[in-house]
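A closer look at the structure
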Amino acid sequence: EADIYQTPRYLVIGTGKKITLECSQTMGHDKMYWYQQDPGMELHLIHYSYGVNSTEKGDLSSESTVSRIRTEHFPLTLESARPSHTSQYLCASSESGSIRSYEQYFGPGTRLTVT
Amino acid sequence: AQTVTQSQPEMSVQEAETVTLSCTYDTSESNYYLFWYKQPPSRQMILVIRQEAYKQQNATENRFSVNFQKAAKSFSLKISDSQLGDTAMYFCAFMNFSGTYKYIFGTGTRLKVLA
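This report concerns the structure included in the present document. Fair warning: this is a prediction, and the values are worked out from it, not measured in the lab. (Residues numbered from 1 in each chain as written. Chains lettered and ligands numbered in written order. Predicted model: local features only at pLDDT ≥ 70, side-chain atom pairs only at ≥ 80, totals over all residues. Heavy atoms only, no water.)

1. Observations regarding the overall build of chain A
What counts, and what does not: The secondary structure listing takes helices from DSSP runs of H or I that are at least 4 residues long and strands from runs of E that are at least 2 residues long, numbered from the N terminus. Radius of gyration means the value over C-alpha atoms here, while the globule rule gives 2.2 Å times the residue count to the 0.38 power. Only protein chains enter the accessibility calculation, which uses a 1.4 Å probe. A residue is then buried if its area is under 20% of the maximum for its type, exposed if over 50%, and partly exposed in between. Should any heavy atoms of two residues lie within 4.5 Å, those residues are counted as being in contact. With residues, only the protein chains shown are counted as cover, and all accessible areas are computed by Shrake-Rupley using a 1.4 Å probe.
Each helix and strand counted, chain A has 0 helices and 11 strands in total. Shown N-terminal to C-terminal, the secondary structure of chain A runs as helices and strands in the order β-β-β-β-β-β-β-β-β-β-β. For 115 residues, the compact-globule formula gives about 13 Å, and the C-alpha radius of gyration of chain A, at 14 Å, lands near that figure. Principal axes of the C-alpha set define a box for chain A whose edges measure 45 × 30 × 25 Å. A total of 115 residues make up chain A; the buried ones form 50% of that total. Expressed as a percentage of contacts within chain A between residues at least 6 apart in sequence, the contacts between residues at least 24 apart total 54%. A total accessible area of about 5,300 Å² is found for chain A, and carbon and sulfur atoms account for 51% of it.

In structure tokens form, the structure reads like this:
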């Protein structure tokens, strides 16, 4: 199992609420990613980070925001949840310049349901 | 823009048999990595195998091997001696060295190994 953690694992929340999905890794990886994945479907990149104080939007437009204040922590925030945000959110990390360069390690995911 | 195509949404194979999952990609880049990831039901995504584009030799990892055809932009995964634990979604992924370190994932192939 990879050393990358996501909390909560499951979340049911009402429309309009603000939520933060947590992601932490203990491997010291510089790059971190957030993907959105509907069950059994492809992954869509919504945010990524090259390191501390670096964040970029991904290919899929998202109303969420991210921050990277510490290397190990990459939280994703939804200011006002909507039913269209119902999905699974996967966090991943990777490092460059090593023998295992560019392998992505994935967290267990957060399954979000907005009612 | 790079694209990754997996044309087999679902496949099944008898236990102990061999199965091949297809993946094609499109890119104008010359330096890149290709990956196969496995997502078992309700479990974390893990790396199965990785291929560096500059290497002509096909990667192998125990029962898993790839057929990498760079000119044809094809990257298939062969699973030998299939086991029940191989039942999962399999995603083909592409990453180039253009500086973004973004991964492009295919739509996935759901593989079921039958007893």
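Anyway, onward from the coordinates.
2. Considerations on the environment of Phe68 of chain B
All names here are of chain B. The topology assignment puts Phe68 in strand β8 (residues 64–69). Taking the relative accessible area as the measure of exposure, Phe68 reaches 8% and is therefore buried. Along the chain, Phe68 and Arg50 lie 18 residues apart, while their C-alpha atoms are 11 Å from each other. Phe68 has contacts with Tyr25, Tyr32, Leu34, Gln51, Glu52, Ala53, Lys55, Asn58, Ser74 and Phe75, leaving out every residue within four places of it along the chain.

3. Describing the side chain of Arg63 of chain B
All names here are of chain B. Rules: Polar contact is the term for a pair of N or O atoms within 3.5 Å; when the atoms are in protein, one must be able to donate a hydrogen and the other to accept it, and sequence-neighboring residues count only if both atoms are side-chain atoms.
In this fold, Arg63 is placed in the loop between β7 (60–61) and β8. One polar contact links Arg63 to Asp86, side chain to side chain, over a distance of 2.8 Å. Sequence-distant contacts of Arg63, that is, excluding residues within four places in its chain, are made with Lys78, Ile79, Ser80, Asp81, Ser82, Gln83 and Asp86.

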